[in-house]
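Understanding the architecture of this molecule
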2 protein chains.
Amino acid sequence: MLRYSVSMSLDGYVAGPNQGPKHPLGVRGELLHAWMRELAAWRKMAGLRGGVTNASTKILTEDDGQIGAVIMGRNMFGGGPGPWRTPPWNGWWGEDPPFHLPVFVLTHHPRKPLECQGGTTFHFVTGGTRGALRRAQTAARGRDVAISGGAGTAKQFLAAGLVDEILIHLVPVYLGAGVRLFDDPRLARVALEQHRVVPAPGVTHLTFRVRRHARART
Amino acid sequence: MLRYSVSMSLDGYVAGPNQGPKHPLGVRGELLHAWMRELAAWRKMAGLRGGVTNASTKILTEDDGQIGAVIMGRNMFGGGPGPWRTPPWNGWWGEDPPFHLPVFVLTHHPRKPLECQGGTTFHFVTGGTRGALRRAQTAARGRDVAISGGAGTAKQFLAAGLVDEILIHLVPVYLGAGVRLFDDPRLARVALEQHRVVPAPGVTHLTFRVRRHARART
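Residues numbered from 1 in each chain as written. Chains lettered and ligands numbered in written order. Predicted model: local features only at pLDDT ≥ 70, side-chain atom pairs only at ≥ 80, totals over all residues. Heavy atoms only, no water.

1. As for the overall build of chain A
- If you tally the helices and strands in chain A, you get six helices and eleven strands.
- For 218 residues, the compact-globule estimate of 2.2 N^0.38 gives 17 Å, and the C-alpha radius of gyration of chain A, at 17 Å, lies within 12% of that figure.
- Seen through its principal axes, chain A has C-alpha atoms that stretch 50 × 45 × 35 Å.
- Within chain A, the proportion of its 218 residues that are buried is 50%.
- A fraction of 61% describes how many contacts in chain A between residues 6 or more apart in sequence connect residues 24 or more apart.
- Taken as a whole, chain A presents about 10800 Å² of accessible surface, with 53% of it coming from carbon and sulfur.
- With 27 positive and 15 negative side-chain charges, chain A shows a separation of 5 Å between the mean positions of the two kinds. (Helix = DSSP H or I, 4+ residues; strand = E, 2+ residues; numbered from the N terminus. Rg over C-alpha atoms; globule rule 2.2 N^0.38 Å. Buried < 20%, exposed > 50% of the residue type's maximum accessible area, 1.4 Å probe, protein only. Contact = heavy atoms within 4.5 Å. Areas by Shrake-Rupley, 256 points an atom, 1.4 Å probe, with all protein chains shown as cover. Lys, Arg positive; Asp, Glu negative; His and termini not counted. Charge placed at Lys NZ, Arg CZ, Asp CG, Glu CD.)

Okay, here's the thing in structure tokens:
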């Protein structure tokens, strides 16, 4: 099963405007993750102390062990357009990335796999969404595959009808500008079924299953 | 308390595109109300038999007796731009409108009140949002005032910081075009607090309270 989860504002944005080094999630985009940053479970993963335990804790931790591989876009790995630099840069993720899993990075530029500490290996795949999914599913050995972002990559998979489950963390903020998740006309072919709703402080976790994808219609 | 409730698609639309006599809610807009039309409680109000009872029933019926007056825009009453016709048309609502309450219609063109059967009287108010709210609150005699739409009217009240509670019926459909609720930059001044979440078949009912409205900022 291919899964995607993302925090979204009430006005439909998954990142604020003007994303860049100063604002990785765009201006005011950090508001989307406030619910997560206050969790003790998240803070522990980030090496921080303190935090709370609430209904979001289960949402954050229930996938532990269920995910067998991760897919991400090149920007999410840390890239930018054009070929890889020489010597190649190793992304945003440091020496011990938090995935501890095989990660498949979509790119147009071939590159050798990058093995990191802690069990994370970045594989650079040039075969498009379907090729990346095939390789990730093989690596996951029966467990689920998660799309880790960014939004553009997730939208490619959604629009192609390849995503089986979407988990939206709906946050009651208004961003007014930025990157929308649901703005690709190809999504008209994707029918969602509401599967689970979990209210929590400052966020509602909405799980949808993809029920139908009419490939024939456009 | 001024309240507004509306059905919204996952991509943020409260009506589909090309609203008109053929599609009062816009193309595919009727998908937004599918959760309501299947309820026995709604069907009974509409003079229809059958239907189901589920978690949405309470949402639909809990306001009975709590609302003392209704506000709506001129299009919602029935009327396009410009002065009222002579003799004036009596709107979409027939001889016995379903409100059974005083209804305040925002318009730029004065007109005498229109008293209907069943306790509904339409008052035509030319004093803008604040004037309409003042008159509706007086008429409500301590009970709540509900904005009945359309979206443009609701957005005026939201952006002016006059709404106290918003109930969004979030429906997992993709409309792709139409009328958005949250697309007015003045909404950046409105801070919402998640108050209640009720999952139901095919819809999630999200109640937000307006927590802060910084009139000074723009």
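2. Here's the deal with the domain arrangement of chain A
Residue and element names in this part refer to chain A.
- Considered domain by domain, chain A is made up of domain 1 (1-17 + 25-65 + 162-218) and domain 2 (67-142).
- One C-alpha centre belongs to domain 1, the other to domain 2; they are set 22 Å apart.
- The interface of domain 1 with domain 2 comprises six residues on the first partner and five residues on the second.
- Of the roughly 490 Å² buried between domain 1 and domain 2, counting both surfaces, carbon and sulfur atoms make up 65%.
- Where domain 1 packs against domain 2, one counts zero salt bridges.
- At the surface where domain 1 touches domain 2, the tally comes to zero residue pairs in polar contact (both at pLDDT 80 or more). (Domains from an automatic or database assignment. Buried area = accessible area lost by both parts, 1.4 Å probe. Salt bridge = Lys/Arg side-chain N within 4 Å of Asp/Glu carboxyl O. Polar contact = N/O pair within 3.5 Å; in protein donor to acceptor, adjacent residues only side chain to side chain.)

3. What about the interface of chain A and chain B?
- Facing 23 residues of chain A, the contacting portion of chain B comprises 23 residues.
- Run the count over chain A and chain B and you get zero salt bridges.
- Taken together, the connections running from chain A to chain B amount to eight residue pairs in polar contact (both at pLDDT 80 or more).
- Mapped by element, the contributors of at least two residues to the side of chain A that touches chain B are β10 (190-200) and β11 (203-213) of chain A.
- If you tally residues by element for the side of chain A that touches chain B, the top one is β10(A), at five residues.
- Its residues assigned to classes, the side of chain A that touches chain B shows 16 nonpolar, three polar and four charged. (Nonpolar A, V, L, I, M, F, W, Y, C, P; charged D, E, K, R; others polar.)

4. Observations regarding the pairing of strand β4 (residues 102-106) of chain A
All names here are of chain A.
- Burial analysis of β4 places four of its five residues in the buried class, the great majority of the element.
- As paired elements, strand β3 (residues 67-73) and β4 share four bridges and run parallel to each other. Residue pairing across strands places Ile-71 opposite Phe-104, the latter belonging to β4.
- Where β4 lies against strand β6 (residues 121-125), five bridges are found, and the strand directions are parallel. Residue pairing for β6: Val-103 is matched across the bridge by Phe-122. (Pairing = 2+ DSSP bridges.)

5. Comments concerning the environment of Gln19(A)
Residue and element names in this part refer to chain A.
- If you trace the backbone, Gln-19 turns up in the loop between β2 (13-15) and α1 (34-37).
- The partly exposed category is assigned to Gln-19, whose relative accessible area is 46%.
- The spacing of Gln-19 and Arg-211 is 192 residues in sequence and 33 Å in space, taken between C-alpha atoms.
- Among the polar contacts listed, one links the side chain of Gln-19 to the backbone oxygen of Pro-24, at a separation of 3.0 Å.

6. Observations regarding the environment of Gly26(A)
All names here are of chain A.
- Relative to the assigned elements, Gly-26 resides in the loop between β2 and α1.
- Owing to a relative accessible area of 2%, Gly-26 belongs among the buried residues under this scheme.
- The spatial distance from the C-alpha of Gly-26 to the C-alpha of Ala-191 is 29 Å, given a sequence separation of 165 residues.
- Beyond its immediate stretch of four places on either side in the chain, Gly-26 contacts Gly-16, Pro-17, Asn-18 and Gln-19.

7. What about the environment of Ala160(A)?
- Assignment of secondary structure puts Ala160(A) in the loop between α6 (151-159) and β8 (165-171).
- Linking Ala160(A) and Arg130(A), residues 30 residues apart in sequence, is a C-alpha distance of 8.9 Å.

8. Considering unusual backbone geometry
- In this structure, Gly150(A) follows Gly149(A) across a cis peptide bond, with omega equal to 0°.
- By the secondary structure assignment, Gly150(A) is in the loop between β7 (144-149) and α6.
- A positive phi is found at Arg28(A), a non-glycine position, where the angle reads about 65°.
- Along the chain, Arg28(A) turns up in the loop between β2 and α1.
- The exposure class of Arg28(A) is partly exposed, given its relative accessible area of 35%.
- Phi at Asn18(B) is positive, roughly 60°, even though this residue is not glycine.
- Mapped onto the secondary structure, Asn18(B) falls in the loop between β2 (13-15) and α1 (34-37).

9. Brief notes about the relation of the copies chain A and chain B
- Superposition record for chain A on chain B: RMSD 0.0 Å, screw rotation 180°, translation along axis 0.0 Å. Such a combination of rotation and displacement between the chain copies is what one expects of a two-fold axis. Closest approach to the rotation axis among the C-alpha atoms of chain A is made by Gly12(A), whose C-alpha sits 3.2 Å away. (Least-squares fit on C-alpha atoms with pLDDT ≥ 70 in both.)

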